[in-house]
Amino acid sequence: MRLARTLLASLVALFISATFAQTQLSIATGGTGGTYYPVGGGYAELINDYLDGYQAVAEVTGASVENVGLISRGDSDIALALADTVYQAYTGTGQLEGRQLENLRSLGVAYANTVHIVTLADSGIESISDLEGKVVSVGAPGSGTEVSAQTLLNANGITYDQIDERRLNFNETAAALRDGQIEAGFWSVGPPTSSILDLATTRDIKILSLSDEEIQNALEAEPTFARTVIPAETYPGQEEDVVTVGTPNVIVVSAEMDDQLAYDFLDVLYSHIDEIIAIHPSGNQTTPQNSIESTPIPLHPGAVAYYEDQGLEVPDDVRPPQ
């Protein structure tokens, strides 16, 4: 009799465990030296702490270009990606011509990535035109940084034929600059970012400002760019504001995501945004208003429902196709 009761209890426990099993969510981020990884990790913590029935983990990836593919194929559930990459993927244009991913949807905008063009203080490089003939890291393969870097360079008359390009992630770029293996590197991240902070503690660095003409050239080439300032003292030794361009980062999901999950994730995110801000100050930019104003592709239906419930008017051009 005791054995029967034990077996029955075990079966009940198994049934309960199966009934209330947690659905696993994958959050595609970027390299550990950028901003996507800690912010994506913060999203995972919010899901684990506040979203019943779900568990999430932040995955290290090659960032934006890889991430939109992961979402489109169903290999990740939520991703961070640069707006220019997301738009090009959704429309099959630009750097992603012929690779249209029509099932991408936006939950909103996390924060703006800022293009950092970093060199050592004694390199003699003073402007983007000085990169010609230099060894330059343009970002990791499959990253939005490379998309932004190539667009910015091409818009200002510099092609890969005129530089010795290296495709390094953020930590690799910082190490290569520190060790003299490259002469400059691109980052597209939310400042401040750990890999540049670490580099600036061991080497005197310089972050290049863009001229008004260079910025205008960039804006004409890529509508998702915007003039952006990295305030003085964001990094050690940075005594002046740096004028550059930035691009919004989109929280990307598949059109197949459950509407209620999309709604509930946003509810948890905005209700506990202070926890994201504690991880990285870029969380201050994560607002419903920024999301509906800056998303480059249609919103997910669950996101539309959430924003409308907050009393916001969702423009027709970002509503999902019927």
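### Points about a negative patch on the surface
Together, Glu-233, Glu-239, Glu-240 and Asp-241 give the surface a local cluster of negative charge. Relative to the assigned elements, Glu-233 resides in the loop between strand S9 (226-230) and strand S10 (242-254).

### Some words on the pattern of salt bridges
Tallied over the entire structure, the rule returns 8 salt bridges. Between Glu-126 and Lys-206 there is a salt bridge, and its shortest N-O distance comes to 2.9 Å. Within this pair, whereas Glu-126 is found in the loop between strand S4 (104-120) and strand S5 (135-137), its partner Lys-206 is found in strand S8 (residues 205-207), the two being separated by 80 residues in sequence. We note a salt bridge from Arg-319 to Asp-316, for which the minimum N-O separation is 3.6 Å. On the accessibility criterion, Asp-316 (67% relative accessible area) is exposed.

### Some remarks on the environment of Glu-222
Note on placement: Glu-222 falls in the loop between helix H8 (212-221) and S9. Considering only alpha carbons, one finds Glu-222 and Ser-148, 74 residues apart in sequence, at a separation of 8.8 Å. One polar contact links Glu-222 to Thr-224, side chain to side chain, over a distance of 2.7 Å.

### Examining helix H5 (residues 144-155)
The first and last C-alpha atoms of H5 sit 16 Å apart over 12 residues, in line with the 16 Å expected at 1.5 Å per residue. Counted residue by residue, H5 has 10 buried out of 12 residues, so it is predominantly covered. Within two residues after H5, Gly-157 carries a phi angle of roughly 80°, on the positive side.

### Notes on the side chain of Thr-295
Considering the arrangement of structural elements, one finds Thr-295 in the loop between helix H11 (288-294) and helix H12 (301-309). Only 3.2 Å separates the side chain of Thr-295 from the backbone oxygen of Ile-297, close enough to count as a polar contact. Beyond its immediate sequence surroundings of up to four residues, Thr-295 is in contact with Ser-106, Val-109, Val-250 and Val-318.

Cut-off values and rules
- Residues numbered from 1 in each chain as written.
- Predicted model: local features only at pLDDT ≥ 70, side-chain atom pairs only at ≥ 80, totals over all residues.
- Heavy atoms only, no water.
- Patch = residues over 30% accessible without salt bridge, like charges linked within 9 Å, V, L, I, M, F, W, Y side chains within 5 Å.
- Areas by Shrake-Rupley, 256 points an atom, 1.4 Å probe, with all protein chains shown as cover.
- Salt bridge = Lys/Arg side-chain N within 4 Å of Asp/Glu carboxyl O.
- Lys, Arg positive; Asp, Glu negative; His and termini not counted.
- Charge placed at Lys NZ, Arg CZ, Asp CG, Glu CD.
- Helix = DSSP H or I, 4+ residues; strand = E, 2+ residues; numbered from the N terminus.
- Buried < 20%, exposed > 50% of the residue type's maximum accessible area, 1.4 Å probe, protein only.
- Polar contact = N/O pair within 3.5 Å; in protein donor to acceptor, adjacent residues only side chain to side chain.
- Expected span 1.5 Å × (residues − 1).
- Contact = heavy atoms within 4.5 Å.

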